[in-house]
Amino acid sequence: MNPNHHAKKQAKELTRHNGLSYAANLAQVVREMTAVGAAQSAGPYSTGGGGIVLEHRFGAVLLSHLLTGRPVPALGDHITPTHVRFQGHAISRVDDILVRGRSSAGAEHLLSVGVRRRPRLVASDAKSVQLVEAFLDVVISQWPLLRSGRRRLALAVVPACRPAHQLADLAVVAAAAPSAGEFRRRMAQGGHASKEVRDRLVQLDALVAAALPAGRANGSMQRPTELAWRLLSKLSLIELRLEGADLSDRTQAVGRLQRLTPQGLASEADALFSHLAELVGIYAPSGSEVDLASLKADLEGLPYFVSPAGPVIAAGVASVPGVPARPTAASGARRTAASGRQDVVVWSQSTVSGKAVQPVLAGSTLVVRDGYWLLGFDAVTGEPARPLQTAFNSPPVIGGGQVLVADRERRIVSVDLRAGRKGQPLPAHMLDAAAVVDHGTLFAASPNAHVHAVDLVSHVLLWTLPVSGLPIAPPQVHAGRLFLQTGTRGSAGGAAEDSSLWVFTAAGALQWVHEQQDGVLLHWSVLGERVYVVSRHEADSHRITALDVLSGQTCWQSAFTGELIGRPAAGHHSLYLTTADGVIALDTGTGRDRWRTAPGAFGRVAAAAHADAGVVYVGLWQPRCLIALDADTGAELWRKKTAGSFTSAPFTASGIVYGGHRGGILHGWNARSQREVWRAEVMWDEARQGGPLLVDGRAYVTGSNGRIHALALHT
């Protein structure tokens, strides 16, 4: 039975007996389910077997990779190592090594290494059984991660270990076979392996049968033959050339370390390598995890070590590939001699139907949703791509340079706007736009009340967990946690009834659930170490609840009245709420009022306030002006009258505050001098189209007339 179906069934049964809500019972079942999985996968290795000197030298080799940022071969050439963990043993030997690294997309990769000098790899050898049992524990509990390539297994041995080399030959055949059955068929045929290697497979089968943990072979997908293929297909062999006449691994490590020595001498690097091996002797017994910062601190002061400098980022380098930090104006750009003001329009293009919303960025391509069409534009030149028609009209999901949408069957597909075609469906479903991408992982909420995690490189489904209700808004990722609000959509203003806020770790463990017990949950925001939930209770009566981001416990609550506008803004140890009558500043630590503007003091507010650098900016509908308030006191600092009413929130960039009004002008004022230094003719409907996209000195804005503009901000 699917474990998620079992979880839902169990939660419904509990609801009938204990009187708690279905969401609360489902959350408890999911916690218990993930806790059991975590317990089963804990401590992947529990046996030793390599020599102390050999293991310490191998640990020093790995630390040399960490210090120099060079890839660890078994981890992947495209992965930068970030941590090395030594799991200690009672007799102070390196028992197991876990190497962590990150890809260019930010996805975490792990390599588990079992260090054994010459394992016999036969079922009659207790140490071999323990070794295979350790590997199988990872294979059983983390198979999706192994399939995706984010988790890898390796056996490190000396070159003269014949059984391990035979195992490596089996691994080559297994990795090339798409299934356990095909692997067995190929091994039964001649030409794929020698008799010695085929005999080693018989020994491995016996090892797997002896090592298989009790109760872990349930179901056809976990038969011993299936597990043997899974293990072999994901196992790498590392030859340790660190002893005797062959010290080539040590020589290469010393070569890597030379650039970290004062004079770049081999003798200095040799001494540094020896010191790293001594440090491993300290790290190993306590099971230490070492990162670059801690390792540099432990090496500080050595006469033969010079701390590596961090990555150098030149001023003005773009943070998004393909978009220059200081854009060069297109051929139509010019300067007006009378005013000295640059023509801010870099390029401008028409959309299809005039229903276009604000763009998002995928790599170097701007993606614009225009009804059921997806449009692409080169962010630098504005060159349009081929329009692509889709099944739904919600904004696409962007991440890792990919554009993802739901097809008519709610399957997730990637689209190539430049080529004008769709890719193969991913192994998950989602409600339209109910997904988010973080560090190479797609998190999607499905129509059958589940959350899926899919690796975007391998298209492997990493995990699936049930939730109660359907998503009210797309999920969000903050500080490595996935936030998803579920419930039923109310009739007034899209507010959510019977709503719950679910928080998962990126690995698929449920962290906490917040249920809205009374009132209607309007929206929530994660700002720093708090989650702020805003709910409506009676007429214009509202409440904001601050939750601890780690535990979900309530930190404080504050009630207020008035028509709420937009989401809270944060800054200067305060949370700023905007109502039609003004602004409320709450202390983020206690929830107490720091200040409130007097009702009606400014007139009518129609757009959310924006906080930056000790100033709160508020755009007014009437009178038509932008007001700057002191963030600490609420006192008015200055105001600028405009020809139109503000209906969109102001924003800031490089000391300039920008505000667009219904008169069709986007102004830019210097925050210190209060002088207007920038102006563009563009008008948009923030309620329907969203806010502008700001990237590296440019603002990309889709106007109400359907044209998209690339504007050079005042820098």
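Structure's up top.
Residues numbered from 1 in each chain as written. Predicted model: local features only at pLDDT ≥ 70, side-chain atom pairs only at ≥ 80, totals over all residues. Heavy atoms only, no water.

**Looking at the sheet that holds strand β43 (residues 698–702)**
Here four strands make up an open sheet; going across it, the order is β7-β44-β43-β42 and the pairing antiparallel. With one partner strand each, in any of the chains shown, β7 (345–350) and β42 (693–695) form the two edges of the open sheet. Within the sheet, the average angular offset between the axes of one strand and its neighbour, ignoring direction, is 15°. Of the strand pairs in this sheet, β42 and β43 are connected by three bridges, and their pairing is antiparallel. Bridge assignment links Val695 to a residue of β43, and that residue is Arg698. (Pairing = 2+ DSSP bridges. Helix = DSSP H or I, 4+ residues; strand = E, 2+ residues; numbered from the N terminus. Axes fitted to C-alpha atoms, helices over the stretch in contact; angles between N-to-C directions.)

**Observations concerning a nonpolar patch on the surface**
A cluster of nonpolar side chains, contributed by Val352, Tyr372 and Trp373, occupies part of the molecular surface with about 280 Å² of accessible area. Tracing the backbone through its elements, the reader meets Tyr372 in the loop between β9 (365–370) and β10 (373–378). Exposure remark for Tyr372: the relative accessible area of 42% places this residue in the partly exposed category. (Patch = residues over 30% accessible without salt bridge, like charges linked within 9 Å, V, L, I, M, F, W, Y side chains within 5 Å. Areas by Shrake-Rupley, 256 points an atom, 1.4 Å probe, with all protein chains shown as cover. Salt bridge = Lys/Arg side-chain N within 4 Å of Asp/Glu carboxyl O. Buried < 20%, exposed > 50% of the residue type's maximum accessible area, 1.4 Å probe, protein only.)

**Concerning the environment of His709**
Summarising the element assignment, His709 is placed in strand β44 (residues 707–712). Linking His709 and Ala699, residues 10 residues apart in sequence, is a C-alpha distance of 8.0 Å. Every residue in contact with His709, bar those within four places of it in the chain, is listed here: Trp347, Ser348, Val682, Ala699, Tyr700 and Val701. A polar contact is formed between the side chain of His709 and the side chain of Ser348, at a distance of 3.0 Å. (Contact = heavy atoms within 4.5 Å. Polar contact = N/O pair within 3.5 Å; in protein donor to acceptor, adjacent residues only side chain to side chain.)

**Some points on the sheet that holds strand β18 (residues 450–455)**
Each strand in a sheet pairs with another by means of backbone hydrogen bonds, the pair being arranged parallel or else antiparallel. Taken in spatial order, the four strands make up an open sheet running β16-β17-β18-β19, and their pairing is antiparallel. Each of the sheet's edge strands pairs with one partner strand only, and the pair in question is β16 (435–438) and β19 (461–466). Across the sheet, the mean angle from the axis of one strand to that of its neighbour is 15°, orientation sign disregarded. Relative to strand β17 (residues 441–445), β16 runs antiparallel, the two sharing four bridges. Residue pairing for β17: Val437 is matched across the bridge by Leu442.

**A word on the environment of Val520**
Mapped onto the secondary structure, Val520 falls in strand β25 (residues 520–527). Along the primary structure Val520 and His537 are separated by 17 residues, whereas in three dimensions their C-alpha atoms are 6.4 Å apart.

**Examining empty space enclosed by the protein**
Under the criterion given, the structure shown has one cavity of 30 Å³ or more. By volume, the largest cavity is sized at about 50 Å³. Here the lining of the largest cavity gets three residues from one element, more than from any other, and that element is helix α4 (residues 126–141). Partitioning the lining of the largest cavity into residue classes produces nine nonpolar, no polar and no charged. (1 Å grid on protein atoms, 1.4 Å probe; cavity = no way out; pocket = protein on both sides within 12 Å on 5 of 7 lines; lining within 4 Å. Points joined across faces, edges and corners; volume = space filled by probe spheres on them. Nonpolar A, V, L, I, M, F, W, Y, C, P; charged D, E, K, R; others polar.)

**Notes on the nonpolar core**
If you look at the biggest cluster of nonpolar residues, it comprises 44 residues, and the most contacted ones within it are Phe58, Leu63 and Leu295. Where this core is concerned, the elements lending two or more residues are α3 (52–68), β1 (80–87), β2 (96–102), β3 (108–115), β4 (151–157), α10 (248–257), α11 (266–283) and α12 (292–299). Apart from the residues within four sequence positions on either side, Leu295 is in contact with Leu63, Leu66, Leu67, Leu276, Leu279, Tyr283 and Val290. Among the nonpolar cores identified, the runner-up in size contains 38 residues, and Val129, Ala164, Val208 and Leu212 belong to it. (Core = buried A, V, L, I, M, F, W, Y, C linked by side-chain atoms within 4.5 Å.)

**Re the packing of aromatic side chains**
In this description, an aromatic ring pair is defined by two values, namely the gap between the centres and the angle between the planes. What the rule picks out here adds up to 14 aromatic pairs. Taking the centre distance of 6.0 Å and the plane angle of 45° together, the rings of Phe443 and Trp463 count as tilted. One end of the pair, Phe443, is in strand β17; the other, Trp463, is in strand β19, with 20 residues separating them in the sequence. Judged by its relative accessible area of 3%, Phe443 falls in the buried class. With a centroid separation of 6.4 Å and 75° between ring planes, the pair formed by Phe483 and Trp512 is classed as edge-to-face. Remark: Trp512 occurs in strand β24 (residues 510–515) and Phe483 occurs in strand β22 (residues 481–489); sequence separation between them is 29 residues. Trp512 shares its class with Phe483; the two are buried. Taken together, the aromatic side chains of Phe443, Trp463, Trp502 and Phe504 make up a single cluster linked through ring pairs. Sitting over the ring of Trp621, Arg604 keeps its end group 5.8 Å from the ring centre. (Phe/Tyr/Trp six-rings, centres within 6.5 Å; stacked < 30°, edge-to-face > 60°. Lys NZ or Arg CZ within 6 Å of the ring centre and 35° of its normal.)

**Side note on the side chain of Asp432**
Checked against the element boundaries, Asp432 lands in the loop between β15 (421–422) and β16. Buried within the structure, Asp432 lacks any salt-bridge partner; Arg369 is the closest side chain of opposite charge, at an N-O distance of 5.1 Å. Among the polar contacts listed, one links the side chain of Asp432 to the side chain of Ser394, at a separation of 3.0 Å. Once you skip the residues sitting within four places of it in the chain, Asp432 turns out to touch Phe392, Asn393, Ser394, Ala406 and Arg410. (Lys, Arg positive; Asp, Glu negative; His and termini not counted.)

**A closer look at the side chain of Thr702**
Tracing the chain through its elements places Thr702 in strand β43. At a separation of 3.0 Å, a polar atom in the side chain of Thr702 contacts the main-chain carbonyl oxygen of Val357. Each residue touching Thr702, except ones within four places of it in the same chain, is listed here: Ala356, Val357, Gln358, Pro359, Val368, Trp684, Gln689, Arg707 and Ile708.

**Observations concerning the packing of helix α7 (residues 180–188) against helix α9 (residues 224–233)**
Each pair of packed helices can be described by the angle between their axes along with the distance between the axes. Their axes nearest at 9 Å, the elements α7 and α9 cross at an angle of 85°. Between α7 and α9, the angle is such that the two are roughly perpendicular. On α9, the residues that touch Ala180, Phe183 and Arg184 of α7 are Thr225, Glu226, Ala228, Trp229 and Leu232. Residue composition of the contact of α7 with α9, by class: five nonpolar, one polar and two charged. (Parallel < 35°, antiparallel > 145°, perpendicular 65-115°, else oblique.)

**A word on unusual backbone geometry**
Note that the residue after Gln622, namely Pro623, is joined by a cis bond; omega there is -5°. Its location among the elements puts Pro623 in the loop between β35 (615–622) and β36 (625–630). Located in the positive-phi region is Ala613, a residue other than glycine, with phi close to 55°. Looking at the secondary structure, you find Ala613 in the loop between β34 (610–612) and β35. Ala613 sits in the exposed class, given a relative accessible area of 73%.

**Topic: the environment of Gln87**
With respect to the helices and strands, the residue Gln87 is situated in strand β1. Gln87 sits in the buried class, given a relative accessible area of 17%. As for Gln87 and Ile97, which are separated by 10 residues in sequence, their C-alpha atoms are 6.4 Å apart.

The quantities given are spatial measurements derived from coordinates; they are silent on function.
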